[in-house]
Amino acid sequence: MTGRPSTSPPPRRRSTSRRAGPAGGTAAGPLDVDALLADRGTEIIVCCGSGGVGKTTTSAALALRAAEQGRRVCVLTIDPARRLAQSMGLTELDNVPRPVDDVDDSAGGSLDAMMLDMKRTFDEVVEAHASPEKAQQILTNPFYVALSSSFAGTQEYMAMEKLGQLHGQDNGWDLIVVDTPPSRSALDFLDAPERLSSLLDGRFIKLLLAPAKGPARLLSAGFGLVTGAINKILGAQVLSDVQTFVAAFDTLFGGFRQRAEATYALLQAEGTAFVVVAAPEPDAMREAAYFVERLGAEDMPLAGLVVNRVHESAAAGLTAADAESGADRLRSSQDPDDVATGELLTVHAERERIAVREARLRDRFASTHPQVPVVPVPALPGDVHDLEGLRRIGRELTADGTAGATPVD
Amino acid sequence: MASWTPLHVVTGKGGTGKTTVAAALAIALAGRGQRVLLCEVEGRQGIAQLFDVPPLPYEERRVSTGLDGGEVFALAIDPEAALLEYLQMFYRLGRAGKALDKFGVIDFATTIAPGVRDVLLTGKVYEAARRTGDTGYDAIVMDAPPTGRITRFLNVNAEVAGLAKVGPVRRQADSIMEMMRAPSTQVHLVSVLEEMPVQETLDGIAELRAANLPVGRIVLNLVRPALLSPATAEALTSGTLDDGAVAAALGRASLPTAAADALVGEGLGHLERLTLQDTQRRIVDAQDTPAVELPALPDGVDLGAVFDLAQRLRDALVRADA
């Protein structure tokens, strides 16, 4: 029962070449996504960031691009939009990766995809670690049902559990791309394993287990007071359910802790690269900055930041103020081309104001985190819901993306 | 039987501006002489950031005036503090309450049994909604969990049913459910006019209805206004307004003619975005939950913008009620 994952990090032995993070060296250039995907040393890419920033799309686009460039890829998604899921063949929810059709395999690569089934993954962990009889006892306990279907950290924990399983399997994959759950805070994802294992290892649980194990001297007066209070508030049934659950779960504790430690080490390993995803909005950028710092503190390998839905200035020489005053002058003209151009200048002025606001947010991030490579992805007019859309995002993520994007406002 | 203060639950997909809309609604509801409580339940301190005040404690604090001189109070509900308060209020546990904390029971109860945590979070709102007199409110706005989790969050009864079959927590859950399903409660869903958020919103409405929870309005946030007249849109799409024509007009206005190409591209992009918005707007209009629209503000959201949104929200709601 020695330390939790974070108290026993493995010794640092990797090179610092791929590391970004606040502790890195000189200022970074743009994030070179193709180099990251082409590097055979990259075995795991974890995409993380706050909700609604396009993490799932980014993960899928990275996975597809890597596959079409010759990697054998498995992508683990959490909650893809329906049409994107369908286009990737994610219609069967059997919690195992399935090959994605219509991937260009001319470079020798392949793409498998799966959608995480949180409860099923948890059930499988229980089944793998307990006797059939004990597993049955656990799976039907109301506290297990609550824990496995809605505990705030379960989805995060199970995503990491599944990652560990996929990485351990010999299915010929040489790259696993994993999306992370839309946590209220991106940090839940790093904390979940520890939170769950500390919960299951807590003092209260120990006390609940004590009567089942025998030594009555552990039943202090204080504990009697506590159980009395719980019975009074929740009813006696609850405490006995908890006790049954905890007793049955006890045999799994060691296994859980070991797995949490192994997953944590895997995330820190040389072959892992974290890609933080954000949108150019204050909340998402703040969350991204926090995440970058946290990854550094936990000694996790950060590849860089992807900023989705960026509005770049299309006519850089024309400021919002110039465009607005030009629009004023043209609006009163009798010439319909002048009037129309005046309206176009209004569109441009609005876009410039957005671009300036976003640039300010991105600059602030760049100056406070100079070592973190960043790649902007322009805002696209519609949602991405097919492989062609993912390929387009893939091009935008890399140097190919400079040609032909329609600017949207 | 019981009567409650009107409760507005604001949910929405991540990135749609749920907290901003909740704050704007609270400001809009705080008319002259009225007190409105704005509460958050996810520990994000989003309200404090928006109003530019230090992190909120577990305590009702005045954070803003309303539109016509009313008052907006804010509260960040913390499940552990709520549990201790609850135990103190209903059981006068004293020493046992402290012991519960010491043995990690509070942590355990609020973590392992999510239904219990939600009862505590919504229970605090329930307590505020029952208050009358000087500490009572004219309306309560809750910045709630996202659309994907909202029904589960509000439907505490079903959540604790499997865990606590009898006892005070169960009774508390029953009372909360009565309030959540009463006509005084409305669940509003914030969305943007894009495919995935609209789909998620409609799914959320179906789930709320299935659980007998009252759906209020869809708030379509970040809507892009149409900046081009129909004539210009037509000229642009048909190609009669081309780079050359725009360059000539720019020249007459003493602006760099080299920008023409980019301006035409931006104009077409703008039209494409509006077309996609219209497609989603038709989907929203075709269902029976009324929607209100709030515009995207190019300079982003600061406190002034929240007041601007509050005014628009009130105008829209007054218009709809008239």
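Novice: Requested: an account of the sheet that holds strand β4 (residues 110-115) of chain A, with residues and values cited.
Specialist: Residues and elements named next belong to chain A. Pairing is mixed in the open sheet, where eight strands are placed in the order β3-β4-β2-β5-β1-β6-β7-β8. Edge positions in the sheet fall to β3 (98-99) and β8 (374-378), since each has one partner strand and no second. In terms of strand pairing, strand β1 (residues 44-48) meets strand β5 (residues 175-179) through four bridges, oriented parallel. The residue bridging Ile44 from the neighbouring strand is Ile176, located in β5. Along the sheet, helix α2 (residues 55-68) makes contact with β1, β2 (72-77), β4, β5, β6 (272-278) and β7 (302-310), crossing β5 at roughly 170 degrees.

Novice: So, unusual backbone geometry: which residues are in play, and what are the values?
Specialist: Residue and element names in this part refer to chain A. The backbone of Asp102 sits at a positive phi, close to 65 degrees, despite the residue not being glycine. Locating Asp102 in the fold gives a position in the loop between β3 and β4. In this structure, Arg309 takes a positive phi of about 55 degrees despite not being glycine. One can find Arg309 in strand β7.

Novice: Outline the sheet that holds strand β4 (residues 71-76) of chain B, listing residues and values.
Specialist: Residues and elements named next belong to chain B. Strand order in the open sheet made by the eight strands is β3-β4-β2-β5-β1-β6-β7-β8, with mixed pairing throughout. One side of each edge strand has no neighbouring strand; the edge strands of this open sheet are β3 (61-65) and β8 (291-295). Each strand of the sheet is rotated relative to its neighbour by a mean of 25 degrees, with strand direction disregarded. Taken together, the four bridges between strand β7 (residues 215-223) and β8 define a ladder with parallel strand orientation. Bridge pairing links Val223 to Pro295 in β8.

How each quantity is defined
- Residues numbered from 1 in each chain as written.
- Chains lettered and ligands numbered in written order.
- Predicted model: local features only at pLDDT ≥ 70, side-chain atom pairs only at ≥ 80, totals over all residues.
- Heavy atoms only, no water.
- Pairing = 2+ DSSP bridges.
- Helix = DSSP H or I, 4+ residues; strand = E, 2+ residues; numbered from the N terminus.
- Contact = heavy atoms within 4.5 Å.
- Axes fitted to C-alpha atoms, helices over the stretch in contact; angles between N-to-C directions.

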